[in-house]
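# Summary of structural features
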Amino acid sequence: MEGYPPGPRLPRTLQGLRMLATEHRMLERYRRRWGDVFTLNLWPFERLVVVSDPAEVKRIFQGDPHELHAGEGNRVLEPLVGSESVLLLDDDEHLRRRKLLLPAFHGERMRVYGELMREIADAEIDAWPLRSEFPVHASMQRITLRVIVRAVFGVEDDARALELEELLVQVTELGQRVLMVPPLQRDFGGHGPWYRVGQVGERVDALLYDEIARRRSAPDADATDILSMLVAGSDLTDEQLRDELMTLLVAGHETTATGMSWVVERVLRHPPVHARLCAELADGEDGYLDCVIKEALRVRPVITYVMRTLKSPMDVAGYTIPTGATLGTSILLIHRRADLYPEPYAFRPERFEESPPDTYGWLPFGGGVRRCLGAAFAGFEMKQVLTQVFGRLDLRVADPRPERQARRAITFVPARGARVVVDARVPAVAPAVPIPA
Ligand code: HEM
């Protein structure tokens, strides 16, 4: 049948407002009413067809990337990542760029960053206050930012690294405030967040171009950072390299910090999970931690949608959906399917011991030719940092009530910042657990 699957008939603005206020509840209500595939009519999309049937998701992820664009939907990120970012490219150019970037993110390669990640986590954990409550999310952000500056950008000099970290915090925070609000993207006579994004952005660019120039003028065959690998192993221009560095920051910093914060938030509210995790880590076992991370990313996905814009009509759930429509694979709704996950709202890491995640039923990193390039990096970093957090600390929640999922630009974060109390801390020691693969 030609056209769109049915969905709510509310006016566009009302649907948009509802979505902003109560997105998760609204989506579940619509799925109960309209089924696994329904159409929303809300800004900024022409039409958004929400898909939560794994068989349809498989067809979308396996579909021809020339007919299913992702770059257009990511254009909102352009002020931060630049027009040459892999996130914004489509078609052959996107595939070419991915091929250049992929080797630097190969799972096995990540092992070289294990020690650095643990050291950064230990230093941060050592600064956590004892017996007074604080939000762990802010701390996780500092850890993931430092890991990106050191492991991805390869900045070794402490003063330069610190300067860059400070500027990157400013540019991403300012950026998050204005990216989703186009009317704010104006220079109000040398004032306002947009103007400041430009000012700070120029200083960030100067530092990044300087790092790129250093790699070009004095190549180091033993360097393990991702920038060095890209300079040595690709023909990317300085501008393309700058855009990809900002892409890796924007895509990898807040997401990984949020994923780890949700693990802490969920684990501490499930004492048997917490007890088993700590006991296994003390025995040098990290298999359960793997399941804990997978389950946290399932019940609290950091990103709840991945978008594809149709360049030609496509059949979905019995409807021929026209060119120009956007298909939104709903990670949230798929992760809450009772047929895939019995008791879908329960936090039960054991479910992943019984069976590994389904390719089209567990989607925190999206899928197909656009699947997250940093998935192995993120998974590895989460394991390193959380091993230190749960292995070294006697932790409890500040308030037993679960934290709400609050929107922050394109991510969903713990509303109170994942507040915890540290009752005791053991000093950092050489890794007791072998560095996980
Ligand atoms: C828990 C942490 C993370 C989550 C939940 C996450 C999630 C995602 C998702 C959902 C997408 C879109 C996939 C799609 O459209 O099918 C994506 C894309 C991407 N991610 Fe991640 N990500 C994480 C960490 C990282 C890290 C650490 C990096 C790099 C250092 C990274 C780099 C990227 C890049 C470059 C893309 C664009 C891929 C493309 O367009 O081809 N991500 N990520």
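A short tour of the structure in this document, coming up. (Residues numbered from 1 in each chain as written. Predicted model: local features only at pLDDT ≥ 70, side-chain atom pairs only at ≥ 80, totals over all residues. Heavy atoms only, no water.)

What follows concerns the overall build of the protein. In terms of helices and strands, the protein carries 15 helices and twelve strands. Its C-alpha atoms give the protein a radius of gyration of 22 Å, within 12% of the compact-globule value 22 Å for 437 residues. When burial is assessed residue by residue, the protein has 52% of its 437 residues classed as buried. Accessible area for the protein stands at about 19200 Å²; split by element, carbon and sulfur atoms hold 54% of it. Averaging the coordinates of the 56 positive side-chain charges in the protein and doing the same for the 63 negative ones gives two points 7 Å apart. (Helix = DSSP H or I, 4+ residues; strand = E, 2+ residues; numbered from the N terminus. Rg over C-alpha atoms; globule rule 2.2 N^0.38 Å. Buried < 20%, exposed > 50% of the residue type's maximum accessible area, 1.4 Å probe, protein only. Areas by Shrake-Rupley, 256 points an atom, 1.4 Å probe, with all protein chains shown as cover. Lys, Arg positive; Asp, Glu negative; His and termini not counted. Charge placed at Lys NZ, Arg CZ, Asp CG, Glu CD.)

With that out of the way, let us pick up the site of the ligand. The environment of the ligand is made up of 24 residues, and the closest members are H94, R98, R308, R370 and C372. Here an oxygen atom of the ligand and a side-chain polar atom of R98 are 2.7 Å apart. A distance of 3.0 Å is found between an oxygen atom of the ligand and a side-chain nitrogen or oxygen belonging to R370. Mapped by element, the contributors of at least two residues to the shell around the ligand are helix 4 (91-101), helix 10 (238-268), strand 5 (305-310) and helix 15 (375-392). Of the residues forming the shell around the ligand, the biggest block, five residues, is contributed by helix 10. When its residues are assigned to classes, the shell around the ligand shows 14 nonpolar, seven polar and three charged. (Near = heavy atom within 4 Å. Polar contact = N/O pair within 3.5 Å; in protein donor to acceptor, adjacent residues only side chain to side chain. Nonpolar A, V, L, I, M, F, W, Y, C, P; charged D, E, K, R; others polar.)

Our next topic: the pattern of salt bridges. Taken as a whole and assessed by the stated rule, the structure comprises 39 salt bridges. Between E72 and K311 there is a salt bridge, and its shortest N-O distance comes to 3.1 Å. Pair noted here: E72 is in the loop between strand 3 (68-69) and helix 3 (78-81) and K311 is in the loop between strand 5 and strand 6 (314-316), with a separation of 239 residues, a long-range link. Among the ionic pairs, R242 bridges to D243, the shortest N-O distance being 2.8 Å. Assigned by exposure class, R242 and D243 land together as buried. Several salt bridges converge on common partners, so that one network encompasses R160, D210, E211, R214, R215 and D225. (Salt bridge = Lys/Arg side-chain N within 4 Å of Asp/Glu carboxyl O.)

Of all protein atoms, just one serves as a donor to the iron atom of the ligand, and that atom is C372 (SG), at 2.3 Å. Mapped onto the elements, C372 comes out in the loop between helix 14 (351-354) and helix 15. (Donors = N, O, S within 2.8 Å, 3.2 Å for Na, K, Ca; no water.)

Turning to the sheet that holds strand 2 (residues 48-51), a few remarks are in order. A sheet is described by the order of its strands in space; here five strands give the open sequence 1-2-8-5-3, paired in mixed fashion. Looking at strand neighbours, the two that pair on one side only are strand 1 (37-40) and strand 3, the edges of this open sheet. Of the strand pairs in this sheet, strand 5 and strand 8 (residues 326-330) are connected by five bridges, and their pairing is antiparallel. Paired with Y305 across the bridge in strand 8 is S330. Lying on the sheet, helix 1 (residues 12-34) is in contact with strand 1, strand 5 and strand 8; it crosses strand 1 at an angle near 155°. (Pairing = 2+ DSSP bridges. Contact = heavy atoms within 4.5 Å. Axes fitted to C-alpha atoms, helices over the stretch in contact; angles between N-to-C directions.)

Moving on, we get to the nonpolar core. Within the largest apolar cluster, 91 residues are counted, with the highest numbers of intra-cluster contacts made by M140, F153, L168, F377, L386 and F390. The biggest single contributor to this core is helix 10, with twelve residues. In this structure, V49, I321, I331 and L363 belong to the second largest nonpolar core, which totals 19 residues. (Core = buried A, V, L, I, M, F, W, Y, C linked by side-chain atoms within 4.5 Å.)

Taking every second residue as pointing to the same face, the buried face of strand 9 (residues 393-397) carries L393, L395 and V397, while none of D394 and R396 on the other face is buried. In terms of strand pairing, strand 9 meets strand 12 (residues 419-425) through five bridges, oriented antiparallel. Looking at the pairing, R396 lines up with V421 of strand 12.

An α-helical segment advances 3.6 residues per turn. Residues three or four places apart therefore align on the same side. Considered for burial, the residues of helix 2 (residues 54-62) that qualify are P54, E56, V57, I60 and F61. For helix 2, the buried positions fall inside an angular range of 155° around the axis, keeping them on one side. Where helix 2 is buried, its residues meet strand 2, strand 3, strand 5, strand 6, strand 8 and helix 13 (331-335). One side-chain oxygen at the N-terminal end of helix 2 lies 2.9 Å from the backbone nitrogen of A55; it belongs to D53. (Arc of directions from axis to C-beta.)

One can describe the packing of helix 6 (residues 136-152) onto helix 7 (residues 158-179) by two numbers: an axis separation of 10 Å at closest approach and a directional angle of 130°. With respect to each other, helix 6 and helix 7 are oriented oblique. Classified by chirality, the crossing of helix 7 by helix 6 is right-handed. The residues of helix 7 that touch helix 6, namely those facing L145, R146, V149 and R150, are D158, A161, L162, L164, E165, L168 and V169. (Parallel < 35°, antiparallel > 145°, perpendicular 65-115°, else oblique. Left-handed = near helix turned anticlockwise from the far one by under 90°.)

A few words now on the packing of aromatic side chains. The full count for this structure, using the stated rule, is six aromatic pairs. Ring centres of Y113 and F377 lie 5.8 Å apart, and the angle between their planes is 55°; this geometry places the pair in the tilted category. Placement of the pair is Y113 in the loop between helix 4 and helix 5 (114-126) and F377 in helix 15, with a sequence separation of 264 residues. Given the relative accessible area of 3%, Y113 is considered buried. Each ring, one from W362 and one from F365, has its centre 6.2 Å from the other, and the planes form 70°; the classification is edge-to-face. Each of the two residues, W362 as well as F365, counts as buried. Aromatic ring contacts, followed pair by pair, group F105, Y113 and F377 into a single cluster. Here R33 stacks its cationic end above the ring of W34, 4.0 Å away from the centre of that ring. For R298, the ring lying beneath its charged end belongs to Y341, and the centroid distance is 4.6 Å. (Phe/Tyr/Trp six-rings, centres within 6.5 Å; stacked < 30°, edge-to-face > 60°. Lys NZ or Arg CZ within 6 Å of the ring centre and 35° of its normal.)

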